[in-house]
Amino acid sequence: LHRPDHDGPHHEDRQMSRQPFYHSTERQRALLAEVHSWEGTPFSENCAVKGRQGGVSCERWQAALHAATGACPALDLPVFGVEEVRHWHEHHKESLILYWLGLPEIRSLVRRVDEADAPMIGDIVVMRVDQTEHHLGVWCFPRIYHVAIPTGVVWHGARDAELRKIVRCFYRIL
């Protein structure tokens with residue numbers, strides 16, 4: 001993935017000045033429609049096939065959601081083994097999710113939201129599981145949607161105290 005406006009020494013300045021992709025009501029509605037179209041899709045590692053007969057993992061769901069709304073191109077994400085997907089967080093402090101967000105094709109599309117800023121509809125929610133950040137959701141206030149094992153695509157109230165305890169940060173798509 002190459003975007004001409006993301007090269008050179010002033011990359012961060014240019015990135016900070018861009019509007020969030022989901023700034024308009026039209027784009028927010030498109031995202032919400034896409035999110036709802038995935039409801040009922042069960043969890044499956046390294047997969048993004050919509051529907052009850054399909055399956056999806058949290059990072060591939062994020063990529064599919066945002067590609068479907070035009071926020072990013074289709075992404076070719078690395079494949080992780082089943083043990084890495086399901087159990088990495090139990091034995092490692094390094095985050096595969098933060099690795100994924102740091103890939104050049106992802107990093108050029110997002111910025112970490114400052115802790116003082118409120119999340120916006122469409123923000124990627126990074127959550128801690130056990131020892132590390134190992135789960136993603138999408139902020140669609142008043143809900144956070146995510147992919148749960150084994151249930152699949154589900155939502156929780158954005159004010160749910162237990163869920164908010166594991167939210168570590170937000171990334172905004174530009």
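Since the structure is predicted, the reported quantities are computational estimates derived from the model, not experimental observations.

## Observations concerning the packing of aromatic side chains
Within this structure, the stated rule accounts for three aromatic pairs. Look at Phe-21 and Tyr-22: their rings are 5.0 Å apart centre to centre, the planes differ by 90°, and that puts the pair in the edge-to-face class. Looking at Phe-21, the relative accessible area reads 10%, which means it is buried. Given the relative accessible area of 2%, Tyr-22 is considered buried. Note on Trp-139 and Phe-170: the rings are 5.5 Å apart at their centroids and 90° apart in plane angle, and the pair reads as edge-to-face. One end of the pair, Trp-139, is in strand 5 (residues 132-140); the other, Phe-170, is in strand 8 (residues 167-173), with 31 residues separating them in the sequence.

## Here's the deal with the confidence of the model for the protein
For the protein, the mean per-residue pLDDT works out to 84, and 83% of the residues sit at or above 70. The spread of mean pLDDT over the elements of the protein runs between helix 1 (residues 11-17), the lowest at 48, and helix 2 (residues 25-37), the highest at 98. Per-residue pLDDT stays below 50 along residues 1-14; that stretch engages in 19 contacts with residues further than four places along the chain or on separate chains.

## Quick notes on the nonpolar core
In this structure, Val-35, Trp-61 and Val-138 are the most contacted members of the largest nonpolar core, which totals 33 residues. Mapped by element, the contributors of at least two residues to this core are helix 2, helix 3 (58-68), helix 5 (96-102), strand 4 (124-129), strand 5, strand 6 (143-148) and strand 8.

## Considerations on the pairing of strand 6
A large share of strand 6 lies buried, amounting to five of its six residues. By the bridge criterion, four bridges tie strand 5 to strand 6 in an arrangement that is antiparallel. Looking at the pairing, Trp-139 lines up with Ile-144 of strand 6. In this structure, the hairpin formed by strand 5 and strand 6 is closed by a connection of two residues. With six bridges connecting them, strand 6 and strand 7 (residues 152-157) associate as antiparallel partners. Within strand 7, the residue paired with Ala-148 across the bridge is Gly-152. Hairpin remark: strand 6 followed by strand 7, antiparallel, with three residues in the connecting loop.

## Examining the sheet that holds strand 6
Ordered in space as 3-8-4-5-6-7, the six strands form an open sheet in which the pairing is antiparallel. Looking along the sheet, the strands with just one partner apiece sit at the ends: strand 3 (110-112) and strand 7. With direction set aside, neighbouring strand axes in the sheet form an average angle of 35°. Packing of helix 2 onto the sheet brings it into contact with strand 5 and strand 6, and relative to strand 5 it is tilted by some 120°. Taken strand by strand, helix 3 contacts strand 4, strand 5, strand 6, strand 7 and strand 8, and its axis lies near 30° from that of strand 5.

Cut-off values and rules
- Residues numbered from 1 in each chain as written.
- Predicted model: local features only at pLDDT ≥ 70, side-chain atom pairs only at ≥ 80, totals over all residues.
- Heavy atoms only, no water.
- Phe/Tyr/Trp six-rings, centres within 6.5 Å; stacked < 30°, edge-to-face > 60°.
- Buried < 20%, exposed > 50% of the residue type's maximum accessible area, 1.4 Å probe, protein only.
- Helix = DSSP H or I, 4+ residues; strand = E, 2+ residues; numbered from the N terminus.
- pLDDT = per-residue confidence, 0-100.
- Contact = heavy atoms within 4.5 Å.
- Core = buried A, V, L, I, M, F, W, Y, C linked by side-chain atoms within 4.5 Å.
- Pairing = 2+ DSSP bridges.
- Axes fitted to C-alpha atoms, helices over the stretch in contact; angles between N-to-C directions.

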